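# Fold and geometry: a report
Each chain, written out:
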Amino acid sequence: MFDTVLIANRGEIALRILRACRDLGLRTVAVHSDVDANLRHVQLADQALCIGPGPAADSYLDPARLLRAARLTGAQAIHPGYGFLSENADFAAAVEAAGLTFIGPPSQAIRVMGDKVAAKATMRAAGVPCVPGSDGALGHDRAEVHEQARRVGYPVIVKAAGGGGGRGMRVVRDAAELDDAVAVTRAEAARAFHNAEVYLERFLEHPRHIEMQVMADRHGHVVWLGERDCSMQRRHQKMIEEAPAPGLDRDDVARLGALCAAACRVIGYVGAGTFEFLYENGSFYFIEMNTRVQVEHPVTELVTGIDILREQIRVAQGHPLSFAQSDVTLNGHAIECRINAEDPTSFLPTPGDVAAWVSPGGPGIRVESHLYPGYAVPPHYDSLVAKILAHAPTRDLAIRRMQGALAETTLAGLTTTLPLQQRLMREVGFRAGGFDIHHLERLIQDGWHQGAQDEA
Ligand code: ADP
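What comes next concerns the included structure. Bear in mind that the values here come from a model prediction, so they are computed numbers and not experimental data.

## Side note on the overall build of the protein chain
Helix and strand counts for the protein chain stand at 15 helices and 20 strands. At 22 Å, the protein chain has a C-alpha radius of gyration in line with the 23 Å of a compact globule built from 456 residues. Projected onto the principal axes, the alpha-carbon positions of the protein chain cover approximately 60 × 55 × 45 Å. A total of 456 residues make up the protein chain; the buried ones form 57% of that total. Counting only contacts in the protein chain whose residues sit at least 6 apart along the sequence, the fraction spanning at least 24 positions is 67%. Accessible surface computed for the protein chain: about 17600 Å², of which carbon and sulfur atoms make up 49%. Put simply, the protein chain has 45 plus and 55 minus side-chain charges, and the middle of one group is 2 Å from the middle of the other.

Below, the structure written as structure tokens:
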């Protein structure tokens, strides 16, 4: 049982982890790069340690530095947050080997689910519906590859087994493009992921992104906490997330949740996890599992009333989950808007000084942010600076509350995606719900900032 947690992350999620630890009476150790000494959680932690220079490879992504920091500070557990080393099976294994607790699933579960070919095979065997595709990784026989693509049916998407972050994928609409696409994706995958394996999937033209939150403990309990709709994306980066997903059949969702819970048992899953699906014409297709807490976890916390971070840490301490499946009920609707330090038309990063920051409030509003006046957003990391959440009995009221919250938000000095989020709250497609994953790209192409989109 640990009493000191090293937070191996930064920004809003580091602050969220710190708050969960504080609730549980745990000591916190903040580790940071030298450009991050002014982060909010660094100021608030019981102990703070600089572990290296700004570039993440020499600080947040260096397992040796993190383990040394744990040794120096007496931390017995490491919370990886999301991104950085959170889905790195070797890091999780190194933490385990050092006799520390990795706050997440066993390294073996991360390894299996981190290989998309292995993950799909495992999920299919567990009865979870998958996108129709090749039988595992593609071989090198050209005729055989073409036969697989014909069987799957064009258009297909060539995907890297080790891919992530929306990289290592290529759509092929026609057999004539197949050889090149496979070769290029293979070469890219070998370089970027040190794994040249690629596979084929049928390319779905107009899917929604629906994901299922699960939690498991070490005592054999697994629960599902409902779905999130994360279809508002740009370049595979989510911009808005909501729960529940508008218009889904609740029985279908319950069946999917039960399948995901069963799959967790098969892989010996522990902690918080998310099964990601594409949803088209009433069917769900598994694409990958995220073996960590996600950026958008608070929408599920708002509608279920369950503190996912708290449960995740308690489970890592060896406690059973504090609730059962029958305790999970959905209450109302929640929406999250991501505020990124990015130009809302070019989407180029806009690091810089925060001159003023006044966060919104009122019934149903929650803000997760590390911003404060005088804070400088460094150029080295992810551009997410705030998550604004609205919760209400109905989706309509949640949207209205979000509109109020965005209007109340004062953020001076930084250019952010706030104006885009304000527009999206009024946009006809978003208001109707049920739009596909290309919706936002279409709005951007049509020039949302010139007022070209339809407003409700
Ligand atoms: P990553 O690990 O890089 O996020 P995913 O497998 O989750 O990769 O896919 C990322 C995104 O790529 C999906 O959210 C979806 O937008 C698109 N995508 C992946 N597979 C398919 C598919 N079979 N059909 C259509 N779009 C897909």
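## Some words on the sheet that holds strand β11 (residues 237–243)
Strands sit in the order β13-β12-β9-β10-β11-β14-β19-β17 across an open sheet of eight strands; the sheet is antiparallel. The open sheet has two edge strands, β13 (283–290) and β17 (365–369), and neither has a second partner. Looking at each pair of strands side by side, their axes are set apart by 25° on average, direction ignored. Pairing of strand β9 (residues 208–216) with strand β10 (residues 222–234), which is carried by six bridges, proceeds in the antiparallel orientation. When the sheet's bridge partners are listed, Met 212 is paired in β10 with Glu 227. Helix-sheet contacts for helix α1 (residues 11–23) involve β17 and β19 (384–392), and the interaxial angle to β17 is about 110°. On top of the sheet, helix α11 (residues 308–316) reaches β9, β10 and β12 (271–280); it is set at about 40° to β9, its chief contact.

## A few points about the packing of helix α12 (residues 395–408) against helix α13 (residues 418–426)
Where α12 contacts α13, the two axes come as close as 10 Å, and the packing angle between them is 155°. On the basis of the axis angle, α12 is roughly antiparallel to α13. By crossing handedness, the relation of α12 to α13 is classed as left-handed. Residues Ile 399, Met 402, Gln 403, Leu 406 and Ala 407 of α12 touch α13, and the partners they reach there are Leu 418, Gln 421, Gln 422, Met 425 and Arg 426. Its residues placed into classes, the contact of α12 with α13 shows six nonpolar, three polar and one charged.

## So, empty space enclosed by the protein
According to the stated counting rule, one finds three cavities of 30 Å³ or more in the structure shown. What the largest cavity holds in volume is close to 50 Å³. Lining the largest cavity, in full, are Arg 10, His 370, Tyr 375, Val 377, Pro 378, Tyr 381, Asp 382, Leu 384 and Val 385. Looking at the lining of the largest cavity, its residues break down into six nonpolar, one polar and two charged.

## Things to note about the site of the ligand
Around the ligand lies a shell of 20 residues, among which Lys 116, Gly 166, Arg 202, Leu 204 and Glu 288 are the nearest. In the environment of the ligand, an oxygen atom lies 3.4 Å from a nitrogen or oxygen atom belonging to the side chain of His 236. Summarising the interface, the protein chains cover 94% of the accessible area of the ligand, which totals 560 Å² for the free molecule. For the shell around the ligand, the secondary structure elements donating two or more residues are β6 (156–164), β7 (167–172), β8 (198–202), β12 and β13. The biggest single contributor to the shell around the ligand is β6, with three residues. Looking at the shell around the ligand residue by residue, the class counts come to eight nonpolar, five polar and seven charged. When residues of the shell around the ligand are sorted by domain, at least three fall in each of domain 2 (132–202) and domain 3 (208–450).

## What to know about the sheet that holds β7
Note: strands within a sheet are paired through backbone hydrogen bonds, in either parallel or antiparallel orientation. The antiparallel open sheet is built from three strands, whose spatial order is β7-β6-β8. Of all strands in the sheet, those with a lone pairing partner are β7 and β8, marking the two edges. Pairs of neighbouring strands in the sheet enclose a mean axial angle of 25°, with direction left out of account. In this sheet, β7 lies alongside β6 in antiparallel orientation, the contact comprising five bridges. Within β7, the residue paired with Gly 164 across the bridge is Arg 167.

## Quick word on the environment of Gly 133
Residue position: Gly 133 is located in the loop between α6 (116–125) and α7 (142–152). Relative accessible area serves as the criterion here: at 11%, Gly 133 is assigned to the buried category. In sequence terms Gly 133 and Lys 120 are 13 residues apart; their C-alpha atoms lie 9.8 Å from each other. Apart from the residues lying within four places of it in its own chain, the contact partners of Gly 133 are Lys 120, Arg 151, Val 152, Leu 200 and Glu 201.

Analysis parameters
- Residues numbered from 1 in each chain as written.
- Predicted model: local features only at pLDDT ≥ 70, side-chain atom pairs only at ≥ 80, totals over all residues.
- Heavy atoms only, no water.
- Helix = DSSP H or I, 4+ residues; strand = E, 2+ residues; numbered from the N terminus.
- Rg over C-alpha atoms; globule rule 2.2 N^0.38 Å.
- Buried < 20%, exposed > 50% of the residue type's maximum accessible area, 1.4 Å probe, protein only.
- Contact = heavy atoms within 4.5 Å.
- Areas by Shrake-Rupley, 256 points an atom, 1.4 Å probe, with all protein chains shown as cover.
- Lys, Arg positive; Asp, Glu negative; His and termini not counted.
- Charge placed at Lys NZ, Arg CZ, Asp CG, Glu CD.
- Pairing = 2+ DSSP bridges.
- Axes fitted to C-alpha atoms, helices over the stretch in contact; angles between N-to-C directions.
- Parallel < 35°, antiparallel > 145°, perpendicular 65-115°, else oblique.
- Left-handed = near helix turned anticlockwise from the far one by under 90°.
- Nonpolar A, V, L, I, M, F, W, Y, C, P; charged D, E, K, R; others polar.
- 1 Å grid on protein atoms, 1.4 Å probe; cavity = no way out; pocket = protein on both sides within 12 Å on 5 of 7 lines; lining within 4 Å.
- Points joined across faces, edges and corners; volume = space filled by probe spheres on them.
- Near = heavy atom within 4 Å.
- Polar contact = N/O pair within 3.5 Å; in protein donor to acceptor, adjacent residues only side chain to side chain.
- Domains from an automatic or database assignment.

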